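Breakdown of the fold
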Amino acid sequence: MEAQRVLHIIQEKLYIIVLVTIITSLIVLVVSLNMTPIYQAKVVMIVAQTKNALTSDYASSLSGENLALTYSRLLTTRPLLEIVINNLDLDIAPEDLRENMLDINLVQGTQLLELSIEDTNPQRASDIANEIVYNFIALRNPEQQLQSIKALEQDVVSQMNTLKALIDRGQSTTSNLSSGLLTDEELALTQSTLSNQQLTYARLMDTYLSIRLAESQLLDITVVEPAIPPEKPIRPVVPLYVFLGAAIGFTFSSGLVFLIAYFDRSFKTSNDVKQVLSLPALGTIYKLSNKKQNNGIVTLSFPTSPVAEAYRTLRTNIRFASFDASLKSLLITSAEPGTGKTTIVANLGIVFAQTGINVILIDSDLRSSKLHHLFHLDNQRGLVHFLTGDVHNIMDCISETSVANLRLITSGGIPPNPSELLSSERMRIALSEVQSNAELVILDTPPTLAVADALNLASMVDSTVLLIEAEKTSCEAACKLYEAHQHVGTKLLGFVLTKAKLRAQVPYPYYSKTLLKSMNGANRRN
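A short tour of the structure in this document, coming up. Here the residue index of a chain counts from 1 through its sequence in written order. Two thresholds apply to this predicted model, a pLDDT of at least 70 for residue-level local features and 80 or more for giving and counting side-chain atom pairs, whereas whole-chain, interface and lining totals are computed over all residues. Side-chain measures were taken over the full set of non-hydrogen atoms in the model, leaving aside hydrogen atoms and water.

What follows covers the overall build of the protein chain. Only DSSP runs of H or I with at least four residues qualify as helices, and only runs of E with at least two residues qualify as strands; both kinds are numbered from the N terminus onward. A count of helical and extended segments in the protein chain gives 21 helices and 12 strands. Burial here depends on accessible area, computed with a 1.4 Å probe over protein chains only, as a share of the maximum for the residue type. Under 20% is buried, over 50% is exposed, and the range in between is partly exposed. In the protein chain, which comprises 526 residues, the proportion classed as buried is 44%. Of the contacts made within the protein chain by residues no fewer than 6 positions apart, 79% connect residues no fewer than 24 positions apart. In this description, accessible areas are obtained by the Shrake-Rupley approach with a 1.4 Å probe, and a residue is regarded as covered only by the protein chains that are shown. Surface exposure of the protein chain reaches about 27,400 Å², of which carbon and sulfur atoms provide 55%. Any two residues whose heavy atoms approach within 4.5 Å at even a single point are treated as in contact.

Before going further, it helps to spend a moment on the sheet that holds strand 9 (residues 406-409). What holds strands together in a sheet is hydrogen bonding between their backbones, with the strands either parallel or antiparallel. With respect to topology, eight strands assemble into an open sheet ordered 5-12-11-6-10-7-9-8, the strand pairing being mixed. On the outer flanks of this sheet lie strand 5 (281-286) and strand 8 (398-400), each paired with one strand and no other. For this sheet, the mean angle separating the axes of adjacent strands, direction not counted, is 25°. Its contacts with the sheet put helix 12 (residues 306-321) on strand 5, strand 6 (329-334) and strand 12 (492-500), and the angle it makes with strand 5 is roughly 170°. In short, DSSP must find at least two bridges between two strands for them to pair. Comment: axis = line fitted to C-alpha atoms, over the contacting stretch for helices; angle = value between 0 and 180 degrees taken between N-to-C directions.

Let us look at the environment of Leu457. By secondary structure assignment, the location of Leu457 is in helix 18 (residues 453-458). Distance from Leu457 to Ser424, taken between C-alpha atoms, is 9.7 Å for residues 33 residues apart in sequence. Non-local contacts of Leu457, meaning those with residues more than four positions away in its chain, are made with Leu331, Ser364, Leu422, Met427, Leu443 and Thr445.

Moving on, we get to the pattern of salt bridges. The term salt bridge refers to a pairing of a side-chain nitrogen on Lys or Arg with a carboxyl oxygen on Asp or Glu at a separation within 4 Å. Evaluated as defined, the whole model comprises 11 salt bridges. In this structure, Asp168 and Lys164 form a salt bridge, with 3.1 Å as the shortest nitrogen-oxygen distance. Of this pair, Asp168 and Lys164 both sit in helix 7 (residues 142-178), four residues apart, which is roughly one turn of that helix. The structure contains a network of salt bridges with shared partners spanning Arg78, Glu82 and Glu95.

What follows is the structure in structure tokens.
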């Protein structure tokens, strides 16, 4: 997508992006303000060796990861949480407390542990946090564990001393036996007893080493900072939520706008049309901000407005586009209805007549005639009456308008067979006669893709102008319109972009501002 196209989309749809962003932010704000606040209470603990531990640097050798894994698991065991729930008379399951409320973290680079509880009640959050830690410490009671280990150690040492004495005595006896003082049976018995004593001593030594290791691994947990009821909730974070909501709204609306623009096959500017159709751009007619401006005849109501100036520019471009050929008749058509053909025919006829050219307009849209309404004329006698033979001279069907040098042949009603009438020889006779009595004849016709009337008439006139409605006529419809007229050999003069937005078409900021101010002033006068 071209940069110019992107800027155009942003300019045109900025209000949608801003509106969606604001609405999303407001929705998130309202939801956030109505959310139940969540409070967090924390207990800070330190993990250290007991004072009587034999290996003073053992605790420091434990990695932070091991500490976190070990104590996170111990502090979240079901028996401990059940004790806390019973003590505080909580109506909650241990699993819910562990999964939804409890969190334990190791402070990196330290021996500190943080136990936090989240709850809707700040007092209850602090009570639960403190209760878990103090019950855990009470259950561990490292001093009692150390005393038990010491007693066990002393008992093992006593057994080892006794056994050592027996082993020494046995070894002495064995020496005597080996000198021949005892029989062979006594020697074998003494050696067997000594071997058993040595094996038992080795086992006691393993037990002793295990006791010493357990004593060195004995750690203590001390509360550094007990939990207190928090004053402010940790959630919802209203400013953050609103910011995220605005970001989501902005991203979603921007993406949606660009997605719609990407799949939008309609035309926004004349340059868009020129990239598809091999036709010159004759002009751009801007969308009227007030549809009731004298029934659309803006060249009379507001001759100094930007729209009236656009018609004069169109007049000039048509003259230049046909300067090398005699332009006596001009047909105006479009792909689909609603492009503003009748309004353009009327205003174009007026601006040509204002230059002193004798202009005759023909309402050849025999299915939905409207030109007589714009000029406030009756439709009692018109083109249909000549084509059906009710009137012998087409000039008898001409009506004078309030504009000097401008006359009109109305449709004369809606016949049952408009296509046959418009393709008849009498239609050619009518055009020939009208052209001999005017300097320029402009025909209003039905949409080309709807019926064949415009294609039948296109072969009878000097040139044809195609109307492309901005933001409505699709690329496919424009191509079909162009190919249909190419197929019948229509002489295409160019295209006109209709109902375009003024801000999107005027290239210079100062001029754009001037034109907008002029149009707004014209609207107020109306």
